[in-house]
Amino acid sequence: MDRTDPLTRSHRAQPLYRQSFFYTPEGLLFLEGNVCHDGLGCFSNLPPYNGPNRPLNTQPQSPATIQTKFFLYTRCNSSSGEELQITQSGVVGLGDSCYDGNKDTKFVTHGFMHNASFLWVQDLVRELILNEDLNVIAVDWGIGAKPPYVQAVSNTRVVGAQIAQLILLLIRETNATIGQFHLIGHSLGAHTSGYAGKRLSGLGRISGMDPSDPLFRDTDISVRLDPSDALFVDVIHSDSATLESPDMGNRQPSGHVDFYPNDGKKQPHCPPATPGMNVCSHMAAVYFFTESINSHCPFKAYPCASAQDFGKGRCLRCSRANCSTMGYHAYKHIARGSFYLETQASAPYCNYHYEVNITANNRVNGRLLFGFNGTTGTLQLFVCLAILTPRFRRSQSITGFTTGEIQTVCKYPNNRKRDISY
Ligand SMILES: [Ca+2]
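Here's what I pulled together on the structure shown here.

Rules used in this analysis
Residues numbered from 1 in each chain as written. Predicted model: local features only at pLDDT ≥ 70, side-chain atom pairs only at ≥ 80, totals over all residues. Axes fitted to C-alpha atoms, helices over the stretch in contact; angles between N-to-C directions. Helix = DSSP H or I, 4+ residues; strand = E, 2+ residues; numbered from the N terminus. Parallel < 35°, antiparallel > 145°, perpendicular 65-115°, else oblique. Left-handed = near helix turned anticlockwise from the far one by under 90°. Contact = placed C-beta atoms within 7 Å. Nonpolar A, V, L, I, M, F, W, Y, C, P; charged D, E, K, R; others polar. Pairing = 2+ DSSP bridges. Core = buried A, V, L, I, M, F, W, Y, C linked by C-beta atoms within 7 Å. Buried ≥ 20, exposed ≤ 12 C-beta atoms within 10 Å, placed from the backbone.

## Notes on the packing of helix H3 (residues 119-131) against helix H6 (residues 279-294)
Following both chains from N to C, one finds H3 and H6 inclined at 20 degrees, their axes separated by 8 Å at the closest point. Relative to H6, H3 is oriented roughly parallel. Handedness of the crossing formed by H3 with H6: left-handed. Here H3 contributes Trp-120, Asp-123, Leu-124, Glu-127, Leu-128, Leu-130 and Asn-131 to the contact with H6, which in turn contributes Met-283, Val-286, Thr-290, Ile-293 and Asn-294. Grouping the constituent residues of the contact of H3 with H6 by class yields seven nonpolar, three polar and two charged.

## A short note on the sheet that holds strand E7 (residues 90-92)
The strand order E7-E6-E5-E9-E8-E10-E11-E12-E13-E16-E14-E15 describes an open sheet built from 12 strands, whose pairing is mixed. Because the sheet does not close on itself, it has two edges, and the strands there are E7 and strand E15 (324-325). Lying on the sheet, H3 is in contact with strand E5 (69-73), strand E8 (105-109) and strand E9 (135-140); it crosses E9 at an angle near 170 degrees. Each of E5, strand E6 (82-87), E7, E8, E9 and strand E10 (181-186) is contacted by helix H4 (residues 149-173), which is oriented at about 95 degrees to E7, the strand it contacts most.

## Observations regarding the packing of H4 against helix H5 (residues 188-198)
Between H4 and H5, the least distance of the axes is 7 Å, while the angle of their chain directions is 45 degrees. When the axes of H4 and H5 are compared, the pair comes out oblique. Seen from above, H4 lies across H5 with right-handed handedness. Residues Ala-152, Val-153, Thr-156, Arg-157, Val-159, Gly-160, Ala-161, Ile-163 and Ala-164 of H4 lie in contact with H5, whose contacting residues are Leu-188, His-191, Thr-192, Ser-193, Tyr-195 and Ala-196. Tallied by class, the residues present in the contact of H4 with H5 amount to nine nonpolar, five polar and one charged.

## Side note on the nonpolar core
Ranked by internal contacts, the top residues of the largest apolar core, which has 76 residues, are Ala-138 and Val-139. Looking at which element gives the most residues to this core, the answer is H4, with 10 residues. Setting aside residues up to four positions removed in sequence, Val-139 forms contacts with Thr-68, Phe-70, Phe-107, Val-108, Thr-109, Ala-116, Val-159 and Ile-163.

## Points about unusual backbone geometry
Here the bond from Pro-47 into Pro-48 is cis, since omega is 15 degrees, no more than 30 degrees from zero. Counting through the fold element by element, Pro-48 comes out in the loop between strand E4 (41-44) and helix H2 (63-66). Between Ala-347 and Pro-348 the backbone carries a cis peptide bond, its omega angle lying at -5 degrees. Topologically, Pro-348 is positioned in the loop between strand E16 (337-341) and strand E17 (354-360). Non-glycine residue Ser-187 carries a positive phi angle of around 60 degrees. Its place among the elements puts Ser-187 in the loop between E10 and H5.

## Quick notes on the pairing of strand E13 (residues 257-261)
Summarising burial for E13: five of the five residues are buried, a large majority. On E13, burial covers both faces: Val-257, Phe-259 and Pro-261 on one face and Asp-258 and Tyr-260 on the other are all buried. Taken together, the three bridges between strand E12 (residues 232-236) and E13 define a ladder with parallel strand orientation. Counterpart to Asp-234 in the pairing with E13 is Val-257.

See the structure below:
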């Protein structure tokens, strides 16, 4: 019979804290100090985990509270996930599962208030398996991802540590190598993937889909997703926050390549939303990434000095060396830096970007009519001209529609050939 004080017994069941408590103006309880969990190490929320850019913070909850689950999907079990459980002796369920260490492994990690049952997770898993014969592990930390946001933010550190722990076990127990692992995360799941990568040397890739902004902006690179977290880090910014508009996604470059579709905010297929509540734009990065996996349309993205310059059509020329493609196939390109592109206002979202270059041979005025025959249809286009003097060149970017990859361009007869060339 345990004769110790019930309060003491209760404390014994808890992780070891160096404790201090305080109440915020919102009435939430926060905890400062250091907490350790078996197999995962200790988590301090001293700087850089708090500071001017992260005024609110708390300790992560325990693995027993977060209850992270890992569900394996492969082509041999594409419709129902097989649960893999981490134990001190190894990965329970691995031997009887379809996991094949000779094949690449992707992790898909959700963000705040989501879980692995969300439709977008299932869609992404399905497209990955359709594209390639590989292992996909959906990470479910839905219990730890519940409000308050500041608690979910902190819990990502434990979930990231658990992902790293599972990867190391898979390497130990199968033929898998660290470079074969690719972590794909949305929102808080992007930073979660960064925490996993920080613990692993030589992780192959992390794809961040609109990494969260609140409590991450301008923090130390050890606190947020950054290029040091994997050999290749690609990031899509779709609801990026600015000083004027405190939205959900982080705008600062966070990868070897950063993509800013539609200037990285206010996606054209989304209805107008209150700043900070644009869930549609925040989710857009997921839909773009998912579509990119098996799409014939490449989501071609262009380097540019600014989104404003790109919007003015000044950056539509590039080569294979300095352009990239947003989404799943970004790793095939050697270009690094920030890239811009536009998408369509409804699914499928991938768009092509066209540019017409006209040189006047004589003094001309009026309008020109072109026809573009593309892989998905034919487009007629009027180009309105102000007065062009000889040898004056004009470029016009064309957005808002697509006709696929241009095959031929024809100029209608009312354009006098001697007047212009294009
Ligand atoms: Ca980092």
